[in-house]
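Structure assessment
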Amino acid sequence: MPAQGKHRRPKSTSLGRGLAAVTTGGAVLALPVIGATSAFAAPAPAAAPQAVAPAAVVAQANSAAKAAPAKHSVVAGETLSKIAREHSVSGGWKKLYEGNRKIVGSNPDLIHPGIKLVIGAKSAASSDDKASAASPSAARGASADRADRSERIEAAPVAKAAPAAEKKAVTYTNDLDGWIKESLAVMAEQGIPGTYEGIHRNIMRESSGNPAAINNWDSNAVKGTPSKGLLQVIDPTFQAYHVPGTSTDSYDPVANITAACNYAADRYGSIDNVFGAY
């Protein structure tokens, strides 16, 4: 609201009155003489109205700030699937790969430590498009604001939209419990059936929870394809049922579990249906 000038009440002072005698043809006229001895304070100039930023410009600035994509520097042992889960990427590792295909290359299963992935690149592009489309409207809004400023000053301020709550990144412990839970998350994305109990039961029977376990004495070992890892998978089976987005190393705990569960789902319906050698 513009400030109103404060006025001081004029200080009353006595008026000096006198009588002036004017002689005209012998007649004396008594005329009052008023002395202008009172001073009045001039009113203070009204403060200029403050400019109000157009709502469209504020909304455009907020959208630009929210649209900025994040970057992730890959470290050894990470996969696209794991990074997508940690950053809650909508569409999973496939969406992350689509936005970083030029950086990753033709093989989504092989990402090199040190490369920088852009998280939410497409979302940022969409926001830029919306901001560009809104620019003409923002210019018209600024013009209308100048023309109708006196009315808009008294209008209620535009409420800013509350920022959306950020999704908390999921982390897993580097132990058997964490490996199984991370594998279940990957399996859920890929539609592979299986439960924690079913996976844990078969791991304890096959490797006792040792991700580096290897069988060098059975018939598979004699053929040159020993069983490896938590769920004792031979290389040909691992390669045939490998789940994209996980490591290509058959000893990797999460990759080994998901590949074995993918194989068990194809042959037995679920890893939960396996109670012996498979």
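Given two aromatic rings, their pairing is described by the distance between the two centres and the angle made by the two planes. The final tally for this structure, using the stated rule, is 2 aromatic pairs. Here Tyr-241 and Tyr-263 contribute two aromatic rings whose centre-to-centre distance is 5.3 Å and whose plane-to-plane angle is 75 degrees, an arrangement assigned as edge-to-face. Linking Tyr-241 in helix H10 (residues 235–241) with Tyr-263 in helix H11 (residues 253–268), this pair joins segments that are 22 residues apart in sequence. Taken together, a centroid distance of 6.0 Å and an interplanar angle of 35 degrees make the contact between Tyr-263 and Tyr-278 tilted. Here Tyr-263, found in helix H11, pairs with Tyr-278, found in the segment after H11; they are 15 residues apart in sequence, far enough to count as distant. Residue Tyr-263 is classed as buried on the basis of its relative accessible area, which comes to 13%. A network of ring pairs unites the aromatic residues Tyr-241, Tyr-263 and Tyr-278 as a single cluster.

All right, on to the confidence of the model for the chain then. If pLDDT is low for a region, its predicted coordinates should not be looked at in detail. Averaged over all residues, the pLDDT of the chain is 74; the fraction at 70 or higher stands at 59%. Segment residues 123–135: pLDDT under 50, and 6 contacts once partners within four positions in sequence are set aside and those in other chains are kept. Overall, residues 149–155 carries pLDDT values under 50, and its contacts beyond four positions in sequence, including any with other chains, amount to 9 contacts.

As a further point, take the pattern of salt bridges. Counted under the stated rule, the structure contains 5 salt bridges. One salt bridge connects Glu-182 with Arg-85, and the closest N-O pair in it is separated by 2.7 Å. You can see Glu-182 sitting in helix H7 (residues 176–190) and its partner Arg-85 sitting in helix H2 (residues 80–86), a full 97 residues away along the chain. Exposure remark for Glu-182: the relative accessible area of 9% places this residue in the buried category. Since its relative accessible area comes to 10%, Arg-85 is described here as buried. The closest approach of N and O atoms between Lys-181 and Asp-177, which form a salt bridge, is 3.2 Å. Residue Lys-181 and its partner Asp-177 are both found in helix H7; the two are separated by 4 residues, about one turn of the helix. Residue Lys-181 is classed as partly exposed on the basis of its relative accessible area of 43%. Take Asp-177: its relative accessible area is 28%, and that puts it in the partly exposed class.

Angle between the axes and distance between the axes: these two values describe a pair of packed helices. Contact pair H7 / H11: the axes reach a minimum separation of 9 Å and the direction vectors enclose 50 degrees. Between H7 and H11, the interaxial angle falls into the category oblique. Like other packed secondary-structure pairs, H7 and H11 cross with a definite hand, here right-handed. In contact with Trp-179, Ile-180, Glu-182, Ser-183, Val-186 and Met-187 of H7, H11 contributes Pro-253, Val-254, Ile-257, Thr-258 and Cys-261. Class assignment of the residues belonging to the contact of H7 with H11 gives a composition of 8 nonpolar, 2 polar and 1 charged.

Turning next to helix H3 (residues 92–99). Of all the residues in H3, the buried ones are Gly-92, Trp-93, Leu-96 and Tyr-97. Axial view of H3: buried residues confined to an arc of 150 degrees, hence all on one face. At its buried positions, H3 is contacted by H2, helix H4 (101–104), strand S4 (116–119) and H7.

For helix H8 (residues 196–206), the set of buried residues is Gly-198, Ile-199, Asn-202 and Ile-203. Down the axis, H8 shows its buried residues gathered within 125 degrees of arc, on one side only. Buried positions along H8 lie against H7 and H11.

Put simply, H7 and H8 touch, their axes get as near as 10 Å, and they point 130 degrees apart. Between H7 and H8, the angle is such that the two are oblique. For the pair H7 and H8, the crossing hand works out as right-handed. Contacts between H7 and H8 involve Leu-176, Asp-177, Ile-180, Lys-181, Leu-184 and Met-187 from the first element and Tyr-196, Ile-199, His-200, Ile-203 and Met-204 from the second.

What counts and how
Residues numbered from 1 in each chain as written. Predicted model: local features only at pLDDT ≥ 70, side-chain atom pairs only at ≥ 80, totals over all residues. Heavy atoms only, no water. Phe/Tyr/Trp six-rings, centres within 6.5 Å; stacked < 30°, edge-to-face > 60°. Helix = DSSP H or I, 4+ residues; strand = E, 2+ residues; numbered from the N terminus. Buried < 20%, exposed > 50% of the residue type's maximum accessible area, 1.4 Å probe, protein only. pLDDT = per-residue confidence, 0-100. Contact = heavy atoms within 4.5 Å. Salt bridge = Lys/Arg side-chain N within 4 Å of Asp/Glu carboxyl O. Axes fitted to C-alpha atoms, helices over the stretch in contact; angles between N-to-C directions. Parallel < 35°, antiparallel > 145°, perpendicular 65-115°, else oblique. Left-handed = near helix turned anticlockwise from the far one by under 90°. Nonpolar A, V, L, I, M, F, W, Y, C, P; charged D, E, K, R; others polar. Arc of directions from axis to C-beta.

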